[in-house]
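These are the residues of each chain, in order.
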Amino acid sequence: MGPVMRKMPTKLWVLLLFNLTAFWNTTDAQIRYSIPEELKEGSVVGNIAKDLGLEVAEISDRRLRIASESGKQYFDVDLGKGDLVVNERIDREELCAKSSSCLLPLEMIIENPLNLYRVEIEIQDINDNYPVFQTHEHVLNIPESRAPGTRFRLESAQDADVGSHSLQSYTLTKNDNFILDVKTNKDGTKLPELILEKSLDREKQSVHTLLLTAVDGGSPARSGTAEITIRVLDNNDNAPVFEKAVYDTQLAENSPLGVVLVTVKAVDQDEGVNADISYSFGPHTTEALQQLFSVDTITGEVKVKSPIDYESGTSYKFDIIARDKGAPAMEGVCSINLDILDVNDNVPEIILKSAPSPVREDAPVGTVVALISAKDADKGDNGRVSLSIGSGMPFALKPSISNNYALVTAAALDREMYPEFMVEIRGSDSGSPPLTSKKNIKVEVLDVNDNPPVFTQSLYTVYVKENGAAGSILCSVSATDSDIGENAKLTYSVTNSKKLDIPISSYVYINSENGTVFSMHSFDYEKIKVFEFLVQAKDQGVPSLTSNATVHVFILDQNDNVPAIIYPSSAMGSVSHQRMPRSAKMGHLVTKVTAVDADSGHNAWISYRLAEATDSSLFAVNLYTGEVRTKRSVSEQDDASQRLLIEIKDNGEPVQSTTVTVDILIEDGLHEPISDFRQKATERDKKNSKITFYLILSLASVSVLSLLTFFILLIKCARNSRGSGSCCIRRDSDGYKNPNRNLQIQLNTDGPIKYVEVLGGDMMSQSQSFGSYLSPMSEFSDLTLVKPSSTLDFKDTLRGLDASLPDSAWTFECQQQKPPNNDWRLPPNQRPGPSGAGPLPEGAGVVAGTGPWPNPPTEAEQLQALMAGANAVSEATATMGPRYNAQYVPDYRQNVYIPGSTATLTANPQQPPQQALPPPQAMPPTDAPKAAQTPASKKKSTKKDKK
């Protein structure tokens with residue numbers, strides 16, 4: 001029963017080992033399995049997926065793999081089941097030699113996200129090795145004179161197994177002379193010794209043969225044998241004896257060759273040849289050890305023969321034999337225990353466990369980039385390694401398990417500044433002096449669409465001539481994107497906006513790829529002078545980013561409009577008919593030709609020239625005002641019918657011109673109708689009173705309208721005054737404030753046109769006028785009340801009025817405008833008209849009415865200036881448009897000339913009407929005849945005197 005009981009635990013243990021019942025535990029986030037060595041390939045160690053807390057499908061998707069430090073792939077992962085299986089034969093003795101604990105570290109790397117798990121496989125020993133003697137036959141020469149109790153060292157057997165499976169005992173075959181004694185060293189090794197129990201007698205038995213058996217502790221036990229032959233010698237009965245049985249010494253690794261480790265010394269009590277001693281290694285000394293050390297046979301010095309590396313062996317134990325030269329030779333043995341001292345001679349090794357993964361530039365702080373480990377072949381402090389990272393890098397090293405680190409992001413990344421990083425990892429041990437090593441890891445930063453496109457200009461200004469061909473290139477916008485790839489591919493588009501309720505897309509088209517802007521049609525300066533639109537640049541990133549740039553397009557005026565004649569209107573016919581008295585003197589104002597040009601700037605500067613005349617010596621046309629005056633007094637010899645062909649041309653390039661024909665009838669009795677009118681004043685008092693009633697009614701209506709307008713503006717200004725300044729009081733350049741608007745009534749009966757003007761306005765602004773115009777040729781004296789109108793519908797209004805009124809009853813009103821910009825004024829020597837008269841063009845004739853123009857111009861001249869220049873200047877100035885040279889724009893600060901009279905009507909309520917200045921010195925000064933007083937003027941003066 002005894003043997004059976006001893007075998008049962010062994011069978012159960014073997015059964016458990018080969019059934020692969022592995023167990024694991026977690027210590028410091030590590031998993032440990034224990035398996036026996038020599039398992040077959042494919043044997044299951046454990047379910048690694050379950051132990052890691054992962055699903056079976058997850059380990060395949062996340063590419064679980066094994067990294068082994070031993071260099072051999074002893075294990076693999078069954079991705080279908082999640083089992084850790086044996087991939088290659090495992091020999092514990094090959095991996096761990098005589099170490100009592102044999103751990104095989106594994107590193108399980110899983111991706112998405114990147115993580116590292118450390119797994120330790122404990123390889124358990126099985127009794128698969130026999131005790132082996134290096135020398136199977138051992139000869140001992142023992143003199144017969146040796147006394148009982150003498151000990152003889154025997155060769156130790158070697159068993160590669162450890163623990164209970166290692167060498168446990170020795171046995172010796174039975175004999176009469178020797179017994180076996182086994183000693184145990186500090187490290188647990190057992191040394192067999194042969195003890196002479198009974199004296200030898202060579203004459204009885206000269207040779208003794210014994211069998212030494214070494215037995216291990218396995219079940220079943222394994223054993224090895226060695227044969228010991230003992231020869232009984234005669235004489236030389238003293239063996240050499242060492243001073244020490246054991247020599248303990250130390251040696252630093254990397255010691256120079258030839259250094260003496262220790263000197264052994266033995267003494268032989270014999271004399272002569274029997275006392276002559278030589279030293280050598282013991283018979284069981286390995287060849288590897290004999291390659292490292294040498295023994296001087298005479299002196300007994302043990303020296304270093306080859307470089308000593310602590311990492312190859314930390315300690316050595318061998319025997320030195322002292323043999324004399326007697327016959328038979330006697331031997332003495334001593335042991336040398338050599339400890340190798342570690343020197344910090346190995347630099348730390350930095351190992352990249354996984355290739356660095358490209359990281360997005362918007363990756364959060366702490367994103368794992370790579371797994372790194374470090375090791376040092378030295379021991380103790382010399383093998384303790386610490387890793388660090390270079391300064392200024394947006395990365396950090398996060399310690400993991402046993403000298404494992406994770407390279408993680410430590411700050412926000414910006415690919416546009418640093419598309420990649422060369423991260424320098426520095427390893428340093430704790431030796432003295434410390435050794436360091438470096439390893440560079442290249443980390444690529446992936447682009448993220450985090451940069452919007454940037455235009456080279458935020459504002460583009462384009463000047464385009466009108467009447468250009470459709471499809472012509474206006475400009476080219478360009479934007480750049482700091483990103484790369486799809487994130488940097490740009491497309492251009494025009495944002496959806498309108499100009500004059502027309503989509504911008506009907507004006508321009510943009511090439512989406514290169515940003516070239518084309519015109520969709522020809523532009524007309526008279527319809528549109530400036531417009532703007534937004535160009536959007538959009539990248540192809542996800543999500544896409546955009547930016548805008550503003551494009552201002554200024555249309556440049558071209559001289560493409562012929563001057564349009566306002567008076568005489570085409571509704572009157574192709575020929576204008578005018579009358580004048582034969583008694584007219586030099587400088588008499590016959591009529592005035594007025595024209596406007598739809599162009600702008602110098603293209604709208606109009607000049608008048610007398611092209612043809614029945615008598616060119618009688619009439620002259622003012623170059624700038626279009627006034628037709630007599631150059632001399634009308635004589636009896638002058639024809640009664642005079643025809644003038646007046647050419648009107650602009651100052652553009654090429655010049656645009658038109659002509660108007662004026663027929664003038666010189667009558668001798670032109671004053672008679674006025675005399676008849678006086679004689680019939682009594683009969684027409686009722687009609688005059690009726691006209692006066694209409695005038696009073698008109699003035700009352702205008703006053704009520706002005707008051708309503710004033711109150712509306714006052715309420716509007718009161719509402720807006722909270723967020724802005726006062727809108728009711730305007731300050732001019734002189735600091736003059738005029739919050740009130742004055743009303744003024746001016747009655748003019750001089751000349752062939754009779755009219756009353758109601759003027760309202762301050763001294764510094766244009767006046768609004770409401771005029772009642774009377775025709776002296778009408779039987780009932782027609783009344784026309786004209787409201788203020790804008791310049792846009794001026795020509796249509798004028799045509800309607802001219803169609804219903806006689807030639808002498810025409811009028812026009814202009815839109816209220818701001819005072820002309822000082823930038824458009826001309827020097828005095830370049831002003832048109834009398835204030836700036838210079839050399840006349842050829843054929844222009846003599847200009848009448850020269851002299852300074854201290855007062856504002858007539859309404860027709862104001863209209864010409866405003867339509868031709870001031871509007872364009874105001875709009876172009878407000879929109880940063882092109883500015884024209886001031887020398888091409890006339891100054892229209894003139895008096896108002898009344899046709900048919902030499903009187904001048906001023907718009908300044910503080911200044912009385914001025915008389916027209918005399919003609920130039922070239923013409924003899926003559927007094928203009930006084931106009932006869934009409935009944936209406938008599939009645940007016942009478943009422944005034946009474947009042």
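Please read all numbers here as calculations on a predicted model, not as lab measurements. (Residues numbered from 1 in each chain as written. Predicted model: local features only at pLDDT ≥ 70, side-chain atom pairs only at ≥ 80, totals over all residues. Heavy atoms only, no water.)

(A) Quick look at the sheet that holds strand β14 (residues 207-216). Spatial strand order, β9-β15-β14-β11: 4 strands in an open sheet with mixed pairing. On the outer flanks of this sheet lie β9 (137-143) and β11 (167-172), each paired with one strand and no other. The sheet shows a mean angle of 25° between the axes of neighbouring strands, taken without regard to direction. By the bridge criterion, 7 bridges tie β9 to strand β15 (residues 223-233) in an arrangement that is parallel. Each residue of the ladder has a partner; that of Ile 142, found in β15, is Val 232. (Pairing = 2+ DSSP bridges. Helix = DSSP H or I, 4+ residues; strand = E, 2+ residues; numbered from the N terminus. Axes fitted to C-alpha atoms, helices over the stretch in contact; angles between N-to-C directions.)

(B) Examining the pattern of salt bridges more closely. Enumeration over the complete set of coordinates arrives at 29 salt bridges. Between Arg 118 and Glu 107 there is a salt bridge, with the nearest N and O atoms lying 3.6 Å from each other. One end of the pair, Arg 118, is in strand β8 (residues 115-124); the other, Glu 107, is in strand β7 (residues 103-110), with 11 residues separating them in the sequence. The exposure classification of Arg 118 matches that of Glu 107, with both residues buried. Measuring nitrogen to oxygen at the nearest pair gives 2.8 Å for the salt bridge that ties Lys 489 to Glu 486. Taking the relative accessible area as the measure of exposure, Lys 489 reaches 47% and is therefore partly exposed. On the accessibility criterion, Glu 486 (43% relative accessible area) is partly exposed. (Salt bridge = Lys/Arg side-chain N within 4 Å of Asp/Glu carboxyl O. Buried < 20%, exposed > 50% of the residue type's maximum accessible area, 1.4 Å probe, protein only.)

(C) Region of the structure containing the sheet that holds strand β40 (residues 508-510). The strand order β35-β41-β40 describes an open sheet built from 3 strands, whose pairing is antiparallel. The open sheet is flanked by β35 (473-476) and β40, the only strands paired with a single partner. Ignoring which end each strand starts from, the neighbouring axes of this sheet average 25° apart. The sheet contact formed by β35 and strand β41 (residues 516-519) spans 3 bridges and is antiparallel. Its bridge partner being in β41, Ile 473 is matched across the sheet by Phe 518.

(D) Main features of the pairing of strand β28 (residues 385-389). Alternating positions in β28 separate cleanly, Val 385, Leu 387 and Ile 389 being buried on one face and Ser 386 and Ser 388 remaining unburied on the opposite face. Across 5 bridges, the pairing between β28 and strand β31 (residues 420-429) is antiparallel. Bridging from a neighbouring strand, Ile 389 pairs with Ile 425 of β31.

(E) Up close: unusual backbone geometry. Between Asn 112 and Pro 113 the backbone carries a cis peptide bond, its omega angle lying at 0°. Residues Glu 653 and Pro 654 are joined by a peptide bond in cis, for which omega reads 0°. With respect to the element layout, Pro 654 can be found in the loop between β51 (641-649) and β52 (657-667). With phi around 65°, Asn 254 is a residue other than glycine that occupies positive phi space. With respect to the secondary-structure elements, Asn 254 resides in the loop between β17 (246-252) and β18 (260-263). Since its relative accessible area comes to 43%, Asn 254 is described here as partly exposed. Residue Asn 467 is not a glycine yet carries a positive backbone phi of 70°. Looking at the secondary structure, you find Asn 467 in the loop between β34 (459-465) and β35. Accessibility expressed as a relative area gives 41% for Asn 467, which makes it partly exposed.

(F) Examining the packing of aromatic side chains more closely. Under the defined criterion, the tally for this structure stands at 17 aromatic pairs. Plain terms: the ring middles of Phe 293 and Phe 318 are 5.8 Å apart, the flat faces sit at 25° to each other, and that makes the pair stacked. Remark: Phe 318 occurs in strand β23 (residues 315-324) and Phe 293 occurs in strand β21 (residues 293-295); sequence separation between them is 25 residues. Neither residue differs from the other here; Phe 293 and Phe 318 are each classed as buried. (Phe/Tyr/Trp six-rings, centres within 6.5 Å; stacked < 30°, edge-to-face > 60°.)

(G) Spatial organisation of the state of the cysteines. Applying the stated criterion across every chain, the model contains 1 disulfide. Each sulfur of the disulfide joining Cys 96 and Cys 102 lies 1.9 Å from the other. Here the disulfide of Cys 96 and Cys 102 is right-handed, its torsion about the S-S bond being about 65°. For Cys 102, a relative accessible area of 1% translates into the label buried. (Disulfide = S-S within 2.5 Å.)

(H) Here's a closer look at the confidence of the model for the protein chain. The share of residues in the protein chain with pLDDT of 70 or more is 70%, and the mean pLDDT across the chain is 75. Ranking the helices and strands of the protein chain by mean pLDDT puts strand β33 (residues 454-455) first, with 95, and strand β1 (residues 24-26) last, with 34. Within the model, the stretch residues 672-681 combines pLDDT values under 50 with 10 contacts to residues more than four positions away or in other chains. (pLDDT = per-residue confidence, 0-100. Contact = heavy atoms within 4.5 Å.)

(I) Here's a closer look at the pairing of strand β13 (residues 190-196). A large share of β13 lies buried, amounting to 6 of its 7 residues. As defined by bridge partners, strand β10 (residues 151-153) adjoins β13 across 3 bridges and the pair is classed as antiparallel. Across the sheet, the residue bridging to Phe 152 is Leu 194, located in β13. Both strand β12 (residues 178-184) and β13 contribute to a ladder of 7 bridges, which runs antiparallel. Residue pairing across strands places Lys 183 opposite Leu 191, the latter belonging to β13. Hairpin connection between β12 and β13: a loop of 5 residues separates the two successive antiparallel strands, and Gly 188 in this loop has a positive phi of roughly 95°.

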